[in-house]
Amino acid sequence: HPLPSARVVLLSGEAVELSPPPSPSEPVAVVRARVAAALGLDVERVMLVAGTRILQNAWSTADSVRNTGERDLTALVTENIMDTDDPQDVAEYASDIFRGFLRKNCPSTLAPV
């Protein structure tokens, strides 16, 4: 049977209104960009999580549901941690730093706090 559309919520439980809702075939990268636009943020500051798993950009929404068993996708908004004293004036975002850890084979799950 077809998978239902996913719903995106913030950690607070507040729904992020996306119209239309993410379809099962929609890539996570596209959903992230839509969430960022809806929140007025740079896409680099938004990570999507289902359960305790960080969703990979190449996954579709359906892959995310299958891989995690969760229908709701949670949007994590990271702080803009730009170093204004950096002579190169380069912005680093927590999500980019986290992705760097993932590329180094660090665990890709979030532990409950």
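What counts, and where the lines are drawn
- Residues numbered from 1 in each chain as written.
- Predicted model: local features only at pLDDT ≥ 70, side-chain atom pairs only at ≥ 80, totals over all residues.
- Heavy atoms only, no water.
- Helix = DSSP H or I, 4+ residues; strand = E, 2+ residues; numbered from the N terminus.
- Buried < 20%, exposed > 50% of the residue type's maximum accessible area, 1.4 Å probe, protein only.
- Contact = heavy atoms within 4.5 Å.
- Areas by Shrake-Rupley, 256 points an atom, 1.4 Å probe, with all protein chains shown as cover.
- Salt bridge = Lys/Arg side-chain N within 4 Å of Asp/Glu carboxyl O.
- Arc of directions from axis to C-beta.
- Core = buried A, V, L, I, M, F, W, Y, C linked by side-chain atoms within 4.5 Å.
- Pairing = 2+ DSSP bridges.
- Axes fitted to C-alpha atoms, helices over the stretch in contact; angles between N-to-C directions.

K.L.:
Is there a simple way to think about the overall build of the protein in this case?
P.N.:
Counting its secondary structure elements, the protein contains 3 helices and 4 strands. For the protein, the succession of helices and strands along the chain, N to C, is β-α-β-β-α-β-α. Within the protein, the proportion of its 113 residues that are buried is 33%. Within the protein, residue pairs in contact and separated by at least 24 positions form 54% of the contacts whose partners lie at least 6 positions apart. Surface accessibility of the protein: about 6900 Å² in total, with carbon and sulfur atoms responsible for 53%.

K.L.:
I keep staring at the side chain of glutamate 26 and nothing clicks. Help me out?
P.N.:
Relative to the helices and strands, glutamate 26 is located in the loop between β1 (7–10) and α1 (28–39). Non-local contacts of glutamate 26, meaning those with residues more than four positions away in its chain, are made with Pro21, Val31, Arg34, Trp59, Ser60 and Thr61.

K.L.:
So what exactly am I meant to see when it comes to the pattern of salt bridges here?
P.N.:
Side chains that differ in charge, positive against negative, can pair when their charged atoms come close. Counted according to the given criterion, the structure contains 2 salt bridges. With a shortest N-O distance of 2.8 Å, arginine 34 and glutamate 26 are connected by a salt bridge.

K.L.:
Before we go on, may I ask you to explain helix α2 (residues 61–68) in this structure?
P.N.:
Given 3.6 residues per turn, any residue in an α-helix points the same way as the ones three and four places further on. For α2, the complete set of buried residues consists of Thr61, Ala62, Ser64 and Val65. One side of α2 carries all its buried residues, which in axial view fall inside an arc of 160°. Along its buried surface, α2 packs onto α1 and β4 (72–77). Among the residues trailing α2, glycine 69 stands out with phi positive, at a value near 75°.

K.L.:
I keep staring at the nonpolar core and nothing clicks. Help me out?
P.N.:
Grouped burial of nonpolar side chains is what soluble globular proteins tend to show. In this structure, Val8, Val35, Leu48, Leu55 and Ala75 are the most contacted members of the largest nonpolar core, which totals 15 residues. With 4 residues, the top contributor of residues to this core is α1. Apart from the residues lying within four places of it in its own chain, the contact partners of alanine 75 are Val8, Val9, Leu10, Leu11, Val35, Val46, Met47 and Leu48.

K.L.:
I keep staring at unusual backbone geometry and nothing clicks. Help me out?
P.N.:
Backbone geometry follows two general trends: most residues other than glycine have a negative phi, and most peptide bonds adopt the trans configuration. A cis geometry characterises the amide bond from serine 19 onward to proline 20, with omega recorded as 0°. Within the secondary structure layout, proline 20 lies in the loop between β1 and α1.

K.L.:
What exactly am I supposed to notice about the sheet that holds β4 here?
P.N.:
Whether parallel or antiparallel, the strands of a sheet pair through hydrogen bonds between backbone atoms. Strand order in the open sheet formed by 4 strands is β1-β4-β2-β3, and the pairing between neighbours is mixed. Edge positions in the sheet fall to β1 and β3 (53–54), since each of these pairs with one other strand and no more. Inspection of the sheet shows β1 paired to β4 by 4 bridges, in the parallel sense. Bridge pairing in β4 links leucine 10 to alanine 75. Contacts between α1 and the sheet are confined to β1, β2 (46–50) and β4, with β2 contributing the most and set at about 120° to the helix.

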